[in-house]
Structure formats: structure tokens, C-alpha cells
Amino acid sequence: MSAMFQIGDIVFAREALYNDGHIPDIPAEAGLAAPGDRGVVVQIGRVAAGMGPEEQFIYLVRFEQANEQLGPPVGCLPEELTQDEVAAQALAAAD
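It should be emphasised that the depicted structure is a prediction, and the values quoted were computed from it without experimental measurement. (Residues numbered from 1 in each chain as written. Predicted model: local features only at pLDDT ≥ 70, side-chain atom pairs only at ≥ 80, totals over all residues. Heavy atoms only, no water.)

Draft legend 1. The nonpolar core, seen in detail. Of all hydrophobic cores here, the largest spans 16 residues; its most connected members are Leu17, Tyr59, Val61, Phe63, Val74, Cys76 and Leu81. The set of elements that each furnish at least two residues to this core consists of strand S1 (10-13), strand S3 (31-33), strand S5 (55-64) and strand S6 (70-76). Looking at this core, the element that brings in the most residues is S5, giving 4 residues. (Core = buried A, V, L, I, M, F, W, Y, C linked by side-chain atoms within 4.5 Å. Buried < 20%, exposed > 50% of the residue type's maximum accessible area, 1.4 Å probe, protein only. Helix = DSSP H or I, 4+ residues; strand = E, 2+ residues; numbered from the N terminus.)

Structure representation (C-alpha cells):
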């Protein structure tokens, strides 16, 4: 199984992403990215998926913030991201 995204790829959030308590200095449940927000993949990891030999990719993404700075790295599943900019714009408009 190969990674869907590579380090340096520009991606967009498909859905709202919140701090699950694992990012220090940011309150739990704080918003990290809104649908359509643009970010860059900065790291790729793998985790075991259940009890079988399956592995799932986890992408660390730094999303652009309102001040045009990159936010903290956010762990994202592949289904939470897209590279389709048109779809991302539609997601942002619907939010």
C-alpha cells in the first residue's frame, strides 16, 4: 500500500478538524481547520488498523491560518483530506 499524499503536497480539509486533546497549548475541541482550508503535508506515518496486518497512513498537515502563517501539525486521515481545489472551494462555501 502506498501513501495517497507525499511530503510537500498541498491538500485541503474535507471537514472541520478539531483538537482531540493531543496538541499541547491548544484547548481541547479547538478548531484546527475548517472545510476547504489549505495546508501542506509535512510528515507521513503509519498506524496499525485493528488487529490485522492492515496499516493506515496518517498525514501531519500544517494548515494556513487567518494570519497566513502555518498552524501546528495536525494528524489527518486520508479521508479527511483532498487535493481537489474546486471541491475544497465548494466545501468552504457550504460551511
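Draft legend 2. Looking closely at the packing of aromatic side chains. Per the counting criterion, the structure on display carries 2 aromatic pairs. Judged by centre distance (5.1 Å) and plane angle (75°), the rings of phenylalanine 5 and tyrosine 59 are edge-to-face. Within this pair, whereas phenylalanine 5 is found in the segment before S1, its partner tyrosine 59 is found in strand S5, the two being separated by 54 residues in sequence. Judged by relative accessible area, which is 3%, phenylalanine 5 ranks as buried. (Phe/Tyr/Trp six-rings, centres within 6.5 Å; stacked < 30°, edge-to-face > 60°.)

Draft legend 3. Examining unusual backbone geometry more closely. Positioned with a positive phi, glutamate 29 is a non-glycine residue whose angle comes to about 75°. By relative accessible area, which is 58% here, glutamate 29 ends up exposed. Phi at glutamate 68 is positive, roughly 65°, even though this residue is not glycine. Following the sequence through the fold, glutamate 68 ends up in the loop between S5 and S6.

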